Amino acid sequence: MTRFSASPHPLLGRRALLKAIVAGAGVAAVPGLAACGSDGGGAATDAVSFGNNQSDQVPKDAITAVLKAFEGESGLKVAINTKQHEQYQEQINNYLQGKPDDVLSWFAGYRMRFFAEKGLTGDLSEVWSKVSGGYEPALKEASTASDGKQYLIPFVQYPWGVFYRKSVWRQRGYEQPKTLDELVALSTRMQADGLVPIAFAQKQGWPGMGTFDQLNFRINGYRFHVDLMAGKEDWQGPKVREVFDTWKRLLPFHQENALGREWQEAAQALQQGKAGMYLLGSFVAQQFKGPDLDDLDFFPYPEINPEHGQDTVEAPIDGFMMSRKPGNPEGARKLLEYLSTPAAQLAYLKADPSQIPTSSKADTSGYTPLQKKSAQVIKDAAHVTQFLDRDTDPRFASDAATNGLNAFLQNPDDLDSILKGMADQAKTIFSE
Amino acid sequence: MTALESPAKPAGTSAPSPTSRRGRRRRATALAPRDKLVLGLMLGVPSLLHLALVWVPALGSVGLSFSSWDGIGGFADIEWVGFRNYVDIFTRYPRFWPALQHNLIWLLFLLVVPTVAGLLLAVLLDRQLRFGRIYQSALYLPMVLSLALVGFIWQLIYQPEHGLLNNVLGTASTDPVNWLGDPDINLYAVLVAAGWRHTGYVMLLYLAGLKSVDPALKEAAALDGANAWQTFFRVTFPVLRPVNVVVLVVTVIEGLRAFDIVYVINKGRNGLELLSVLVTDNIIGESSRIGWGSALAVVLLLISLGFIVTYLFQVFREEERT
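Residues numbered from 1 in each chain as written. Chains lettered and ligands numbered in written order. Predicted model: local features only at pLDDT ≥ 70, side-chain atom pairs only at ≥ 80, totals over all residues. Heavy atoms only, no water.

- Chain B carries the name Carbohydrate ABC transporter membrane protein 1 (CUT1 family) in an unreviewed UniProt entry, which gives Saccharothrix saharensis as its organism.

- As named in an unreviewed UniProt entry, chain A is Carbohydrate ABC transporter substrate-binding protein (CUT1 family), taken from Saccharothrix saharensis.
- Entered under Sequence similarities (unreviewed entry) in the UniProt record, the comment concerning chain A runs "Belongs to the bacterial solute-binding protein 1 family." (UniProt positions renumbered as here; feature names shortened; annotations may be inferred.)

## A short note on empty space enclosed by the protein
Residues and elements named next belong to chain A.
1) Next: All chains considered together, the criterion is met by 3 cavities of 30 Å³ or more.
2) Next: Within this model, the largest cavity holds a volume of roughly 100 Å³.
3) Next: Lining the largest cavity we find 13 residues, and of these Asn53, Gln54, Ser105, Asp318 and Phe320 sit closest to its centre.
4) Next: Elements that contribute at least two residues to the lining of the largest cavity include exactly strand S3 (103-107), strand S4 (153-157) and strand S10 (317-322).
5) Next: Here the residues of the lining of the largest cavity are counted per class, giving 7 nonpolar, 5 polar and 1 charged.
6) Next: Space inside the second largest cavity adds up to approximately 60 Å³.
7) Next: Taken together, Val162, Leu183, Ile198, Thr211, His254, Met277, Leu279 and Tyr301 make up the full set of residues lining the second largest cavity.
8) Next: Here the residues of the lining of the second largest cavity sort into 6 nonpolar, 2 polar and no charged. (1 Å grid on protein atoms, 1.4 Å probe; cavity = no way out; pocket = protein on both sides within 12 Å on 5 of 7 lines; lining within 4 Å. Points joined across faces, edges and corners; volume = space filled by probe spheres on them. Helix = DSSP H or I, 4+ residues; strand = E, 2+ residues; numbered from the N terminus. Nonpolar A, V, L, I, M, F, W, Y, C, P; charged D, E, K, R; others polar.)

## Thoughts on the interface of chain A and chain B
1) Next: Taken residue by residue, the interface counts 44 residues in chain A and 41 residues in chain B.
2) Next: Among the salt bridges present, the one from Lys118 of chain A reaches Asp70 of chain B, with a minimum N-O distance of 2.5 Å.
3) Next: Between chain A and chain B we count 5 residue pairs in polar contact (both at pLDDT 80 or more) in total.
4) Next: Elements with a minimum of two residues in the side of chain A that touches chain B: helix H1 (14-35), helix H3 (85-97), helix H4 (110-117), helix H17 (394-410) and helix H18 (415-431) of chain A.
5) Next: It is H1 of chain A that provides the largest number of residues to the side of chain A that touches chain B, a total of 9 residues. (Contact = heavy atoms within 4.5 Å. Salt bridge = Lys/Arg side-chain N within 4 Å of Asp/Glu carboxyl O. Polar contact = N/O pair within 3.5 Å; in protein donor to acceptor, adjacent residues only side chain to side chain.)

## Observations regarding the nonpolar core
1) Next: By size, the foremost hydrophobic cluster in this structure holds 73 residues, and its most contacted members are Trp169, Phe212, Trp235, Phe244, Trp247, Met277 and Tyr278 of chain A.
2) Next: Core analysis: the second largest hydrophobic core is formed by 50 residues, Trp106, Leu120, Trp128 and Phe320 of chain A among them. (Core = buried A, V, L, I, M, F, W, Y, C linked by side-chain atoms within 4.5 Å. Buried < 20%, exposed > 50% of the residue type's maximum accessible area, 1.4 Å probe, protein only.)

## Some thoughts on the pattern of salt bridges
Residues and elements named next belong to chain A.
1) Next: Scanning the model with the defined rule gives 24 salt bridges over all chains in all.
2) Next: Here Glu71 ties to Lys68 by a salt bridge, and the two come within 4.0 Å at their closest N and O atoms. Of this pair, Glu71 and Lys68 are both found in helix H2 (residues 57-74), 3 residues apart, which corresponds to roughly one turn of the helix.
3) Next: Take Glu71: its relative accessible area is 22%, and that puts it in the partly exposed class.
4) Next: In this structure, Asp424 and Lys420 form a salt bridge, with 2.8 Å as the shortest nitrogen-oxygen distance. Of the two residues, Asp424 and Lys420 both sit in helix H18, 4 residues apart, roughly one turn of that helix.
5) Next: Overlapping salt bridges bring together Glu126, Glu330 and Arg333 as one network.

## Structural notes on the UniProt feature "transmembrane region" (unreviewed entry) in chain B
All names here are of chain B.
1) Next: UniProt records the feature "transmembrane region" (unreviewed entry) at residues 37-58, 104-125, 137-157, 185-208 and 290-313, using the numbering of this structure.
2) Next: With 90% helix and 0% strand, residues 137-157 has its two end C-alpha atoms placed 22 Å apart.
3) Next: The span residues 185-208 is 96% helix and 0% strand, and its two end C-alpha atoms sit 35 Å from each other.

## Examining the confidence of the model for chain B
Residues and elements named next belong to chain B.
1) Next: On average, chain B scores 83 in pLDDT, and the residues at 70 or more come to 91%.
2) Next: Every residue in residues 1-24 is under pLDDT 50, and counting partners more than four places away or in other chains gives 21 contacts.
3) Next: Model confidence for the complex is summarised by a pTM of 0.76, with the ipTM given as 0.70. (pLDDT = per-residue confidence, 0-100.)

## Topic: the domain arrangement of chain A
Residue and element names in this part refer to chain A.
1) Next: Each domain of chain A was delimited in the assignment, giving domain 1 (35-157 + 318-361) and domain 2 (160-314 + 390-430).
2) Next: Spacing between the C-alpha centres of domain 1 and domain 2 amounts to 30 Å.
3) Next: Counting from both sides, the interface comprises 11 residues of domain 1 and, opposite them, 10 residues of domain 2.
4) Next: Counting each side, the surface lost to burial between domain 1 and domain 2 is near 880 Å², with a carbon and sulfur contribution of 51%.
5) Next: Among the residues domain 1 hides against domain 2, the three largest losses belong to Tyr110, Arg111 and Ser354. Together they make up 57% of the total.
6) Next: Where domain 1 packs against domain 2, one counts 1 salt bridge.
7) Next: We note a salt bridge from Asp318 to Arg390, for which the minimum N-O separation is 2.9 Å.
8) Next: Scanning the region where domain 1 abuts domain 2 turns up 5 residue pairs in polar contact (both at pLDDT 80 or more).
9) Next: Looking at which element gives the most residues to the side of domain 1 that touches domain 2, the answer is H4, with 3 residues.
10) Next: Broken down by class, the residue content of the side of domain 1 that touches domain 2 amounts to 4 nonpolar, 3 polar and 4 charged. (Domains from an automatic or database assignment. Buried area = accessible area lost by both parts, 1.4 Å probe.)

## Looking at the domain arrangement of chain B
One frequent convention defines the size of an interface as the accessible area lost when the parts assemble.
All names here are of chain B.
1) Next: Domain assignment breaks chain B into domain 1 (101-265) and domain 2 (274-321).
2) Next: Distance between the C-alpha centres of domain 1 and domain 2: 24 Å.
3) Next: The interface is formed by 13 residues belonging to domain 1 together with 12 residues belonging to domain 2.
4) Next: Summed over both partners, the interface of domain 1 with domain 2 comes to about 1100 Å²; 75% of that surface belongs to carbon and sulfur atoms.
5) Next: The interface formed by domain 1 and domain 2 includes 0 salt bridges.
6) Next: At the boundary of domain 1 with domain 2, the tally comes to 2 residue pairs in polar contact (both at pLDDT 80 or more).

## Examining the layout of surface pockets
1) Next: In this structure, the second largest pocket spans a volume of roughly 1200 Å³.
2) Next: Lining the second largest pocket are 50 residues, and of these Asn406, Ala407, Gln410 and Asn411 of chain A together with Pro183 of chain B lie nearest its centre.
3) Next: Contributions of two or more residues to the lining of the second largest pocket are made by H17 and H18 of chain A together with helix H5 (84-92), helix H6 (96-125) and helix H10 (186-211) of chain B.
4) Next: Among the elements that take part in the lining of the second largest pocket, H17 of chain A stands out by supplying 8 residues, more than any other.

## Focus on the packing of helix H9 (residues 207-229) of chain A against helix H10 (residues 238-250) of chain A
All names here are of chain A.
1) Next: At a minimum axis distance of 10 Å, the contact between H9 and H10 shows a crossing angle of 155 degrees. Considering the angle they form, H9 stands roughly antiparallel to H10. Along this stretch, H9 crosses H10, giving a crossing that reads as right-handed. Contacts from Gly208, Thr211, Phe212, Leu215, Asn216, Ile219, Asn220, Phe224 and Leu228 of H9 reach H10 at Lys239, Val240, Glu242, Val243, Phe244, Thr246, Trp247 and Leu250.
2) Next: Residues of the contact of H9 with H10, tallied by class, amount to 10 nonpolar, 5 polar and 2 charged. (Axes fitted to C-alpha atoms, helices over the stretch in contact; angles between N-to-C directions. Parallel < 35°, antiparallel > 145°, perpendicular 65-115°, else oblique. Left-handed = near helix turned anticlockwise from the far one by under 90°.)

Have a look at this one:
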């Protein structure tokens, strides 16, 4: 051991060491000081700060353009604070408790309500009273927390459905399946034709939740989806069991090794005509360019239980919240009002036409065929759900649900123990 | 900069000296005020930092592990639940037992494979091979990379269709092995990557140890008619004992803190669960379960303590004997 003992080193003299210690202490002290900083101070009244989770270049430029337009219109300055998309979600808890920006990106549903109920975001009912004419009642419901007040301004929305290439289907003479049996028959035919019937990816942990949701509300209906997500129904009960049994029946038609694949790769399989269908949100269109994009079409998930038909569509809403103590409350409200306008939403969607505006006043003449269909599908639905991870407690979604679904895909025969694990965790999480 | 002034106080008390009280006082006064200040800073600042950055969080975790708290609001919002988190983790958390098992496999693997490989390489390199320095640098090089980066590199090797390994094996086009996606084998695939990096470290430690072995010992052994094996196992290896202890400690630390490589590969899911991943998953994120995550962290702490206590016990017993 003596070999490792310190010998006098030219770089580690007493002075150098002292300097290093001082520097180290300084660095250590900085975050501590920052954390003690005053709350919400420093913002001038002619500026609004904006927390942005659109970190990819195209949507980032789009939202920047929208905010520039707002600056021109209102005379206020907007300071944009962009964070990497996934990181933003992971840090939202600390972010909201620290010094959040005045206006910040978020999602509708339970995910919004959770923070609203903790008092971490600002009440927007005042803004809503001005803008409510532009929104359908379902959107208001999705922006309302349990206290009856609104905490979110909806911005854009996208439906989930089964996507396919029109040219491939025309060539092979496939038809849209209306029921589960037709879906199975079509998948069998595709398999015989040498296609992977259903493209599938689960590396990111969430795409499989979409499949679970569709099967669940087609089999058990909208109400059951809501109650199950709220922890009021039993994951070990026969209804959830039936969802997984149906999924098991469909699994042989899904692309293999889904756990090692990202959704973009699965979308490529559809784009290259190797896969016949892909169940995903309409953002799948981001993987299609030019003529390929015109070739893309979708249909709502087929009916399974006639009692519920196709009455529910999954259409997550992205929007904006206000921080609990904005530095510039007036400016923040003005900005949120602006973001509720069709002009702002359409300007943003120019960059990403895979989604649709939430404002019902938006001019639909410039829509792509896909956008028209998206809007129609959402309009026709009696119930709109958000998404498993937006409709339930984030603690349940991120750990129990993700790993439960992964375990099922790995080992579908192990259903008993998987469902027991999910049910046990739902019990502990929802009773906390 | 209060951090600089306050630690000056404990300077007198913390100046260590094994001698008698009188001797200590005389010696303390013998120090010039300037030296006292320097000594105080050198001992006080690290002590304070250590206390604030290690002990307070560690004890805080232990305390919070008996609570149910989502990290929102102040201390008043914390609900104390006693041992419920622990009971739930042990009885109904499906990811816990696999994670614990993986951690122990990880530890055992690192203790056996890279240690043996590192020792072997060190012995070979110690024989003054031609180009020895090049081999030495090449083998040590992975250690310079962060484990996260090692994860990226090995993902390129393990990739099913385009990866190096499947192409070398000729299985890429026919039936590619999903090295990192298959939960039955991915832990071992990752262990090879982690071991690849760790071997270089162990090798360097042993190499340093071997260089310090007195050649006279080997000569004496040779004169006594010992062959190479006997010389190594009866003479050289026992002399390396202090290095063995260092390797053991380093390996245990590496094994238990493993996190970055699996997180880079698939966020520690699907067969790559480790306790450190579960702690992170539960504490960091949209809404955290601070109590639950802390309880997991305490379990990890207890496992680490098991090794540390055993080690210290050994060392102290050794000291008593001498």
